[in-house]
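Report on the structure
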Amino acid sequence: MLKRFFILCSGADSELLDSCSEGEQTKYVGIGATVFFTAVMAFLASAYALFTVFDNPYYAVAFGVVWALLIFNLDRFIVSTIRKRDNLWAEFLQASPRIILAMIIAVVISKPLEIKIFEKEINTVLLKEKNAMAIANKNQVTNYFKSDVAKNQSEIDSLKSSIKAKEKQVSDLYQSYITEAEGTTGTKKMGKGPIYKEKREAHDLALRQLDSLKASSAKVIAEKEAKAKTLQADLDKKVADTKPIIDSFDGLMARINALGKLPWLPSFFIMLLFLAIETSPIIAKMLSPKGEYDFKLEDNDVTLKTIIEQNNHQRTLQKQTDAEIYNRVYADIREEKELFEYKRKKAKELLELQADAFSDKQKNVM
C-alpha cells in the first residue's frame, strides 16, 4: 500500500512500472517518498509562517494544507516530466527551469523553519529592537510635549524667582533697619532715629508687597503645577498607548529581518539542506542511467508517434485520392449533353423570371 502511494507521488506510470524489475520500482518509490516528505516540510513551514501572522491555528493549518498540496503537485510535475536522454548536457538544459523552480521552492520552505529553529535568538534581537523603539518613541513623544512643558515650567520658575527676589529684598531691608538701630551701619548712631524709621517703613512696604505677591502668585502657581501634571499625564498616556504596538512588533516580516541580523552561516546551511531535499529527485533522475522504465516509456512514445504519423500520412493520401476521383467524375459529367440541355433550360427560366420581376417593378414606380 505504501509502495503504491509513493509510486503515485513520483508521477510514474504505475501500469508500465509494474512490468519493470523490482529495482526499477524501488528507484521510483524513493523519488516519490522524497516528493511526499518535501510536501510535509512545506506544510510545517507554511503553517508556522501563517501562525506567526494570524495567531490562529485553524487558518495556519488550512493554508498549510493548501500550500503543501501546491508544492506536492509542482514537485510531482517536475519529476514526471523529465525524460532521460543520451546526452547529460541536454538533460541539464531540459531540467534547468525545473531546478530553478526547485531552488525557489526550497528557499520559501526553509525560511519559516529557520525562524522557528532560531526562535530564541530572534526573540533576543526583537527584544533589543523593541527596547530601542520604546526609547525612541518616548523621546519622540517627549519632544512633542517639550515646548508646552518647558513653557509652563518656565512660567512657574519665573513666579517663584520673583517671590524669592522679593523675599531677599525684604530680608535685606530688615537687616538694614535692625543694624541702623544697633548703630553698626548707616549713620552708626544707636537708637530709632529718622533714618531708622525710613528704613523700617521701606521694609514694611516691601513685606506687604511680598505678601501680596505670594497671594497673587499662589493661585497661578497652583494652576501651572496642575497643568504640568496634566501634560505629564498626557505624555505618559501617549507612551502607554503606543506600547502595545511596540510589544506586538514580532510578526513574520520582523522575524525575517531579525533572522537577517544573525550570523548567516547556520541559516545558509539549513537552506542548503532544503535545497538538497527539493532538488534530490531531479538530480537523482539526471544522474541515474537509463533504466527499464525509461526504455519502455520511450518505446511507448515512439510507437504512439509512429502511429500518429502513419494516420496523418494515410489521411493525406486519402484526401489526395478522393480529390483525383472527384476531378475525374466532374470532368466526365461536364461532357454529358443531356445535363447541358437541362442546365440551359433552367438558366433560361431564371432569366425570364428576373426580366418579368424587373418589368413589374418599373411599372409600379411609374
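Quantities reported herein were computed from a predicted structural model and do not represent experimental measurements.

1. Details of the overall build of the protein chain
- A tally of regular secondary structure across the protein chain gives 11 helices and 0 strands.
- Element order for the protein chain, N to C, with α for helix and β for strand: α-α-α-α-α-α-α-α-α-α-α.
- Each of the 366 residues in the protein chain was classed as buried or not, and the buried ones make up 27%.
- A fraction of 76% describes how many contacts in the protein chain between residues 6 or more apart in sequence connect residues 24 or more apart.
- Carbon and sulfur atoms provide 62% of the accessible area of the protein chain, an area that totals close to 24900 Å².

2. Describing the packing of aromatic side chains
- Tallied over the full model, the rule gives 7 aromatic pairs.
- Ring centres of phenylalanine 6 and phenylalanine 36 lie 6.1 Å apart, and the angle between their planes is 55°; this geometry places the pair in the tilted category. Placement of phenylalanine 6 in helix H1 (residues 2-10) and of phenylalanine 36 in helix H3 (residues 22-54) is noted, with a sequence separation of 30 residues between them.
- For phenylalanine 6, a relative accessible area of 9% corresponds to the buried category.

3. Quick notes on the nonpolar core
- Judged by nonpolar contacts, the single largest core of 19 residues is most densely connected at Ile109, Phe118, Ile122, Leu259, Leu262 and Phe274.
- Listing elements by their share of this core, those giving two or more residues are H3, helix H5 (88-117), helix H6 (119-182), helix H8 (252-260) and helix H9 (264-287).
- Counting residues per element, this core draws most heavily on H5, at 5 residues.
- Of all hydrophobic cores here, the second largest spans 14 residues; its members include Phe6, Leu17, Val79 and Leu297.

4. A word on helix H4 (residues 57-80)
- Here H4 spans 34 Å end to end across 24 residues, near enough to the 34 Å set by a 1.5 Å rise per residue.
- Here H4 has its buried residues at Ala60, Gly64, Ala68, Ile71, Asp75, Ile78 and Val79.
- If you check the start of H4, you find a side-chain oxygen 2.9 Å away from the backbone N of tyrosine 58, and it comes from asparagine 56.

5. Considerations on the pattern of salt bridges
- Taken as a whole and judged by the stated rule, the model has 3 salt bridges.
- Two residues, glutamate 24 and lysine 27, come together in a salt bridge whose shortest N-O distance is 3.4 Å. In this pair, glutamate 24 and lysine 27 are both assigned in helix H3, 3 residues apart and thus about one turn of the helix distant.
- Look at glutamate 24 and you get buried, because its relative accessible area is 8%.
- When the shortest N-O distance is used, the salt bridge between glutamate 129 and lysine 261 registers 2.4 Å. Remark: lysine 261 occurs in the loop between H8 and H9 and glutamate 129 occurs in helix H6; sequence separation between them is 132 residues.

6. A short note on H1
- Buried within H1 are the following residues: Phe6, Ile7, Cys9 and Ser10. For H1, the angular spread of the buried residues around the axis is 155°, confining them to a single face.
- Positioned one or two residues after H1, glycine 11 has a phi angle of 80°, which is positive.

7. Some words on the confidence of the model for the protein chain
- Confidence along the protein chain averages 77 in pLDDT terms, with 87% of residues attaining 70 or more.
- Mean pLDDT across the secondary structure elements of the protein chain bottoms out at helix H7 (residues 194-247), with 72, and peaks at H4, with 85.

8. Quick notes on the environment of serine 176
- Along the chain, serine 176 falls in helix H6.
- In this structure, the C-alpha to C-alpha distance between serine 176 and histidine 203, residues 27 residues apart in sequence, is 8.7 Å.

9. Regarding a nonpolar patch on the surface
- On the surface, Ile325, Tyr326, Val329, Tyr330, Ile333, Leu339 and Tyr342 cluster together to form a nonpolar patch covering roughly 700 Å² of accessible area.
- Those elements giving two or more residues to the nonpolar patch turn out to be helix H10 (292-334) and helix H11 (337-365).
- It is H10 that contributes the most residues to the nonpolar patch, 5 residues altogether.
- Mapped onto the fold, isoleucine 333 is located in helix H10.

10. Topic: the packing of H1 against H4
- Where H1 meets H4, the axes come as close as 8 Å, and the angle between the chain directions of the two elements is 75°. With respect to their mutual orientation, H1 and H4 come out roughly perpendicular. Residue-level contacts link Leu8, Cys9 and Ser10 of H1 to Phe72, Arg76, Val79 and Ser80 of H4.

11. With respect to the side chain of glutamine 25
- Positionally, glutamine 25 belongs in helix H3.
- Residues contacting glutamine 25, with those up to four places away along its chain left out, are Lys3, Leu17, Asp18 and Cys20.

Definitions and limits used
- Residues numbered from 1 in each chain as written.
- Predicted model: local features only at pLDDT ≥ 70, side-chain atom pairs only at ≥ 80, totals over all residues.
- Heavy atoms only, no water.
- Helix = DSSP H or I, 4+ residues; strand = E, 2+ residues; numbered from the N terminus.
- Buried < 20%, exposed > 50% of the residue type's maximum accessible area, 1.4 Å probe, protein only.
- Contact = heavy atoms within 4.5 Å.
- Areas by Shrake-Rupley, 256 points an atom, 1.4 Å probe, with all protein chains shown as cover.
- Phe/Tyr/Trp six-rings, centres within 6.5 Å; stacked < 30°, edge-to-face > 60°.
- Core = buried A, V, L, I, M, F, W, Y, C linked by side-chain atoms within 4.5 Å.
- Expected span 1.5 Å × (residues − 1).
- Polar contact = N/O pair within 3.5 Å; in protein donor to acceptor, adjacent residues only side chain to side chain.
- Salt bridge = Lys/Arg side-chain N within 4 Å of Asp/Glu carboxyl O.
- Arc of directions from axis to C-beta.
- pLDDT = per-residue confidence, 0-100.
- Patch = residues over 30% accessible without salt bridge, like charges linked within 9 Å, V, L, I, M, F, W, Y side chains within 5 Å.
- Axes fitted to C-alpha atoms, helices over the stretch in contact; angles between N-to-C directions.
- Parallel < 35°, antiparallel > 145°, perpendicular 65-115°, else oblique.

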